[in-house]
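Residues per chain are reported as follows:
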Amino acid sequence: MSSYDTKGSDSASTQHDISSLQPIQSVTITTEMFEKLYLNPASRVQGHLRQTFANPTPLPLVGFLIASAPLGCALMGWRGAGGGGAATIGTFYFFGGALQLIGAILEWILGNTFVYIVFGSFGAFWLAFAITLTPFYNAEGAFTANATTAAEKAAGEASYQASLAFFLLFMGILVFMYLICALRTNVVFFAIFFFLDISLFLLAGAYWKGATGDMQAFHKLQVATGAFVFVFCVFGWYLLFVQLLRSVDFPLDLPVGDLSRRLFVRRQKAPEDRELAV
């Protein structure tokens with residue numbers, strides 16, 4: 001074989017090797033890891049958006065916790081705190097409302113339906129709650145504006161509290177639905193919804209007791225609400241820490257208690273569906 005033929009053969013071999021190389025299009029992770037990262041049952045979506053964009057889940061978690069934790073302390077009256085959260089209205093607007101709505105939109109873009117609905121609804125909840133407490137909007141004034149006597153004013157305040165309790169009641173019903181759906185995610189996320197649901201029902205009960213004039217029961221239920229808020233925030237801080245550790249690839253992988261394989265799924269997954277490319 002001539003030297004020319006040898007060079008031509010080497011060149012053809014090199015071109016064949018280069019053409020056989022394929023760029024990496026995705027990274028395959030288990031469904032358990034997917035649910036830990038996104039708090040959402042694994043699902044296939046078109047494209048590779050999860051590989052292109054950052055994981056948005058920690059952002060609305062931060063908003064939820066910074067809005068909830070101070071409220072829980074205020075409801076319990078720690079170190080003289082009080083006012084039912086009036087002192088932290090700003091956190092309700094910007095952490096509870098804005099951050100969660102931004103996070104919800106980003107989750108929607110990535111195709112994470114469950115957490116998109118959760119964060120979007122709670123973003124709206126915190127904004128609605130903040131507006132209700134903001135003096136400028138004078139929500140309570142609609143019930144007491146025409147009162148001419150102390151009795152009429154008291155009756156108006158009672159009607160306001162009883163009406164507000166229904167908002168909390170139906171939020172509790174919504175969270176109960178989230179609680180059932182969270183059985184397909186992990187133990188920590190489920191625990192957050194469990195204690196959050198109790199706190200919503202307790203706070204609704206507190207307002208109804210306040211509407212009847214039973215201020216002693218109102219205070220006890222309010223303190224109990226704060227305690228349950230504090231408990232679900234503990235789980236929330238833990239979940240946020242897990243997410244942040246994963247975001248920097250920290251060599252510490254904390255457990256969250258995977259539940260995705262504990263319940264039957266709607267359809268039997270094919271072998272290729274058990275791992276998800278993101």
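By the naming in an unreviewed UniProt entry, the chain goes by Transcriptional activator of ethanol catabolism AlcS and is assigned to Cordyceps militaris. According to its UniProt record, the chain has this under Sequence similarities (unreviewed entry): "Belongs to the acetate uptake transporter (AceTr) (TC 2.A.96) family." Word for word, the UniProt comment on the chain under Subcellular location (unreviewed entry) is "Membrane".

Visitor: Please give an account of the UniProt feature "transmembrane region" (unreviewed entry) in the chain that cites residues and values.
Guide: As annotated by UniProt and renumbered to match this structure, "transmembrane region" (unreviewed entry) occupies residues 59–78, 84–106, 113–138, 158–180, 187–208 and 220–241. Strand forms 0% of residues 113–138 and helix 81%; the C-alpha atoms that close the span are 35 Å apart. Summarising residues 158–180: 100% helix, 0% strand, and an end-to-end C-alpha distance of 34 Å.

Visitor: Summarise the side chain of Thr-185; cite the residues concerned and give the values.
Guide: Mapped onto the elements of the fold, Thr-185 is located in the loop between helix 8 (150–181) and helix 9 (187–211). Engagement of the side chain of Thr-185 in a polar contact is seen with the backbone oxygen of Ala-182, the distance being 2.6 Å.

Visitor: Kindly report on the packing of helix 4 (residues 58–76) against helix 10 (residues 215–247), identifying the contributing residues and their values.
Guide: With their axes 8 Å apart at the nearest point, helix 4 and helix 10 run at an angle of 155° to one another. Judged by the inter-axis angle, helix 4 sits roughly antiparallel to helix 10. Helix-helix and strand crossings are classified by hand; for helix 4 and helix 10 the assignment is left-handed.

Visitor: I'd like a description of unusual backbone geometry, backed by residues and values.
Guide: With the exception of glycine, most residues fall at negative phi, and the peptide bonds are largely trans. Even without being glycine, Arg-79 reaches a positive phi, approximately 50°. For Arg-79, the position within the fold is in the loop between helix 4 and helix 5 (89–110). A residue is classified by how much of its surface remains accessible, and Arg-79, at 88% relative accessible area, is exposed. Unlike most non-glycine residues, Asp-249 shows phi in positive territory, near 55°. As for its position among the elements, Asp-249 is in the loop between helix 10 and strand 2 (275–277).

Visitor: Account for the environment of Val-231, with residues named and values stated.
Guide: With respect to the element layout, Val-231 can be found in helix 10. When its relative accessible area of 29% is taken as the criterion, Val-231 is described as partly exposed.

Visitor: So what about the state of the cysteines? Which residues, and what values?
Guide: Counted according to the given criterion, the structure contains 0 disulfides. Cys-233 takes part in no disulfide bond, and the closest cysteine sulfur, belonging to Cys-73, lies 8.1 Å away.

Visitor: Go over the packing of aromatic side chains with me, naming the residues and quoting the values.
Guide: Aromatic ring pairs are reported here in terms of the distance separating the ring centres and the angle at which the planes meet. The full count for this structure, using the stated rule, is 22 aromatic pairs. Judged by centre distance (5.9 Å) and plane angle (70°), the rings of Phe-122 and Phe-125 are edge-to-face. Here Phe-125 and Phe-122 lie together in helix 6 (residues 113–133), a separation of 3 residues that amounts to about one turn. Classification of Phe-125 as buried rests on a relative accessible area of 7%. A connected cluster of aromatic rings, assembled from ring pairs, spans Phe-64, Phe-92, Phe-122, Phe-125, Trp-126, Phe-129, Phe-167 and Phe-232.

Visitor: So what about the nonpolar core? Which residues, and what values?
Guide: Grouped together as the largest cluster of nonpolar side chains are 50 residues, with contacts concentrated most on Phe-122, Trp-126, Phe-193, Leu-196 and Phe-232. Looking at this core, the elements that each hand over two or more residues are helix 4, helix 5, helix 6, helix 8, helix 9 and helix 10. For this core, the element with the most residues is helix 9, which contributes 12 residues. Other than its neighbours up to four places away in sequence, Leu-196 contacts Phe-64, Phe-122, Val-175 and Phe-232.

Visitor: Explain a nonpolar patch on the surface to me, and be specific about the residues and the numbers.
Guide: A grouping of Phe-53, Leu-59, Ile-102, Ile-105, Leu-106, Trp-108, Ile-109, Tyr-116 and Ile-117 is seen on the molecular surface, where their side chains present a nonpolar patch of about 840 Å² in accessible area. With 5 residues, helix 5 is the largest single contributor of residues to the nonpolar patch.

Visitor: Would you mind going over helix 9 in detail, with residue names and values included?
Guide: Relative to the 36 Å expected for 25 residues at 1.5 Å per residue, helix 9 spans 36 Å between its end C-alpha atoms, a close match to the ideal helical length. Residue Asn-186 occupies the N-cap position of helix 9, its side-chain oxygen lying 3.2 Å from the main-chain nitrogen of Val-188. Gly-213 sits one or two positions beyond helix 9 and adopts a positive phi of about 90°.

So, how was this worked out
Residue numbers restart at each chain and count upward from 1, following the sequence in its written direction. Under the rules for a predicted model, residues below a pLDDT of 70 receive no local features and side-chain atom pairs below 80 are neither given nor counted, while totals for whole chains, interfaces and linings still include all residues. Side-chain calculation: all heavy atoms of the structure are included, whereas hydrogens and water are not. UniProt positions are given in the numbering used here, feature names are shortened, and annotations may be inferred rather than shown by experiment. Runs of E in the DSSP output that reach at least two residues are strands. Runs of H or I that reach at least four are helices, and both are numbered from the N terminus. Think of a polar contact as two N or O atoms within 3.5 Å of one another; within protein, one of them needs to be a possible hydrogen donor and the other a possible acceptor, and neighboring residues in sequence only count if both atoms come from side chains. Axes here refer to lines fitted to C-alpha atoms; in helices the fit is confined to the stretch in contact. Angles between the N-to-C directions go from 0 to 180 degrees. By the definition adopted for this analysis, an angle is roughly parallel if under 35 degrees, roughly antiparallel if over 145, roughly perpendicular if from 65 to 115, and oblique otherwise. A clockwise turn of the near helix away from the far one marks a right-handed crossing, whereas an anticlockwise turn of less than a right angle marks a left-handed crossing. Residue burial is assigned from relative accessible area. The probe radius is 1.4 Å, only protein chains are included, and a residue is buried under 20% of its type maximum, exposed over 50%, and partly exposed in between. Disulfides are defined as pairs of cysteine sulfur atoms found within 2.5 Å of each other. The aromatic pairing rule takes the rings of Phe, Tyr and Trp, using the six-membered ring of Trp, and pairs them if the centres are within 6.5 Å, calling planes under 30 degrees apart stacked, those over 60 edge-to-face and the rest tilted. The set of buried Ala, Val, Leu, Ile, Met, Phe, Trp, Tyr and Cys residues whose side-chain atoms join them within 4.5 Å is what this entry labels a nonpolar core. Contacts are residue-level and defined by heavy atoms, with any inter-residue pair within 4.5 Å sufficient. Patch criteria: residues need more than 30% relative accessible area and no salt bridge. Like-charged residues are merged within 9 Å; nonpolar side chains of Val, Leu, Ile, Met, Phe, Trp and Tyr are merged within 5 Å. The accessible surface values rely on the Shrake-Rupley method and a 1.4 Å probe; as for residues, cover is taken only from the protein chains in view. A carboxyl oxygen of Asp or Glu within 4 Å of a side-chain nitrogen of Lys or Arg is what we treat as a salt bridge. Expected span of a helix: the number of residues minus one, times 1.5 Å.

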